[in-house]
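# Survey of secondary and tertiary structure
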Amino acid sequence: MKLNKQSLFSIANLRGLFSFVFLISFPFSTAINNIAFGLLMAISTYLLIRKKSKLQFTSLGYISIGVVVFLISDIVFFGSISQDIDNILRYFVLLISPMLFLGDKEFAVQFKKIYLFVYGIFFCIILYNLFQHYLEFNQFVLHKSSVNVGKSLFFERLYFGLFGTIAAIITCSLFKKAYMIKYIILISILLIDFMIATRLAFFMLILIIVSQVIIDSKFIFSKKILLPAVLLIIVFVSLASVNNGFKKRFFFQSTSFDDFVENFKINEPRYAIWKCARLISFENSDFDKTLGFSGNPELFSNLFQCYEEHVYIKEKRAWFLRDKLNTHNQFIHIFLLHGLIGLTLIIFMFTTFFVYKKDLISIYLLLTIIMFGMIEIFIFRQIGMYLIFICFSLLSNNGTSILHQSNNNLKEI
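These notes cover the structure that comes with them. All values derive from a computational prediction rather than experimental measurement.

Attention shifts here to the overall build of the protein chain. Scanning the protein chain from terminus to terminus reveals 19 helices and two strands. With 413 residues in all, the protein chain has 50% of them scored as buried. Of the contacts made within the protein chain by residues no fewer than 6 positions apart, 75% connect residues no fewer than 24 positions apart. Roughly 20300 Å² of accessible area belongs to the protein chain as shown, and the carbon and sulfur atoms make up 65% of that amount.

Here we take up the state of the cysteines. What the rule picks out here adds up to one disulfide. The disulfide partner of cysteine 276 is cysteine 306, and the gap between their sulfur atoms is 2.3 Å. Across the disulfide from cysteine 276 to cysteine 306, rotation about the S-S bond amounts to roughly -90°, and the bridge is consequently left-handed. In this pair, cysteine 276 sits in helix 14 (residues 269–282) while cysteine 306 sits in helix 15 (residues 296–310), placing the two residues 30 residues apart along the sequence. Both residues of the pair, cysteine 276 and cysteine 306, belong to the buried class.

Further remarks concern empty space enclosed by the protein. Applying the stated criterion across every chain, the model contains three cavities of 30 Å³ or more. Space inside the largest cavity adds up to approximately 60 Å³. In this structure, the largest cavity is lined by Lys112, Ile169, Ile170, Ser173, Ile361, Leu365, Leu394, Asn397 and Asn398. When residues of the lining of the largest cavity are traced back to their parent elements, those giving at least two are helix 7 (157–174), helix 18 (360–373) and helix 19 (382–397). The element contributing the most residues to the lining of the largest cavity is helix 7, with three residues.

Turning next to the packing of aromatic side chains. Two descriptors summarise a pair of aromatic rings, namely the distance from one centre to the other and the angle between the planes of the rings. The final tally for this structure, using the stated rule, is 32 aromatic pairs. Taking 5.3 Å as the distance between ring centres and 65° as the angle between the ring planes, the aromatic pair formed by phenylalanine 101 and phenylalanine 111 counts as edge-to-face. Residue phenylalanine 101 is found in the loop between helix 4 (85–95) and helix 5 (105–137), and its partner phenylalanine 111 is found in helix 5; the two are separated by ten residues along the sequence. What makes phenylalanine 101 buried here is its relative accessible area of 2%. The ring of phenylalanine 107 has arginine 15 sitting right over it, with the charged end atom 4.0 Å from the ring centre.

Scoring rules and cut-offs
- Residues numbered from 1 in each chain as written.
- Predicted model: local features only at pLDDT ≥ 70, side-chain atom pairs only at ≥ 80, totals over all residues.
- Heavy atoms only, no water.
- Helix = DSSP H or I, 4+ residues; strand = E, 2+ residues; numbered from the N terminus.
- Buried < 20%, exposed > 50% of the residue type's maximum accessible area, 1.4 Å probe, protein only.
- Contact = heavy atoms within 4.5 Å.
- Areas by Shrake-Rupley, 256 points an atom, 1.4 Å probe, with all protein chains shown as cover.
- Disulfide = S-S within 2.5 Å.
- 1 Å grid on protein atoms, 1.4 Å probe; cavity = no way out; pocket = protein on both sides within 12 Å on 5 of 7 lines; lining within 4 Å.
- Points joined across faces, edges and corners; volume = space filled by probe spheres on them.
- Phe/Tyr/Trp six-rings, centres within 6.5 Å; stacked < 30°, edge-to-face > 60°.
- Lys NZ or Arg CZ within 6 Å of the ring centre and 35° of its normal.

Here it is as structure tokens:
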């Protein structure tokens, strides 16, 4: 059965609408976010069925499926399905990410444009909130615990940083030769990351911009770009002079390297969290190094017990236990939950991605997934899972595919 142009136009409009709702709802409504995601994937599945497409898996696809099947099987056979059903569903969501843009490059471009438009909306709102914040405090104090960062930014700092990093990668993909547009957007994202003091996103943006400058060196060092570049440097230095939060969060106020290390141990909660993760994995008899803990309940029970016994600063211990802080590292958590087998498979899968995906955009996406996974468990957060889903979807659509359609069975559209 053929799809006429009118029905395709309607489907394209629906896809665009659901994409916008899916992205704009991230900081506002988890329910709307889930519904829009479900509708997006339903349309992708419907189009594949209508086209009677035959899916063919590459070696990378088989490896990815094998890894996810192991992670789910480990929970099913050695854990508790009822207690860890969320993990199973989220593993499955990440597995189906290649289907979002499968065989539809036009939708991939449309989605990227919608993504940048939505980021622009968030950017303007946060810029306004930062202006109000500065008027209230006469400086940027987003690093202080007494300041409600969520209210000032309306978006969690870490995840807005991840949202912006993906926006930067999409910018590099869409505006490869539109140099002025590309660098205006990249510098704008860098500056907002600097103002809200989101560390990893700032470093990722620096990496992306430096690599793009090297690639576009002939254009960058031309006379027509010199004046804008000097103006941006002046703006950056001016902002740096008033942004004490950035200095505080990067421990730039340390007087020596030893002082920096001590400040890191005291001020960075991940130091104490990862110390406990090491203790429960090496000194706890309940931990199976091959397959990990039986499930998240056992894992967290041991982790919280370690906080009680080994976090010596009273206020920090109370904070860890009150907020039930997780391991803040996706790879450590995989090791604790799925043991050495799970961690080895995850490392093998990402190594395979690097072998297959050799272009720069794919490398940006892989580094984003890995680096954010080093400081956060995105599988536990809906916003984190969906943002990483977008990374995997873009990664699968870029260069070598995880799976592809057989042209033999495609119907004329």
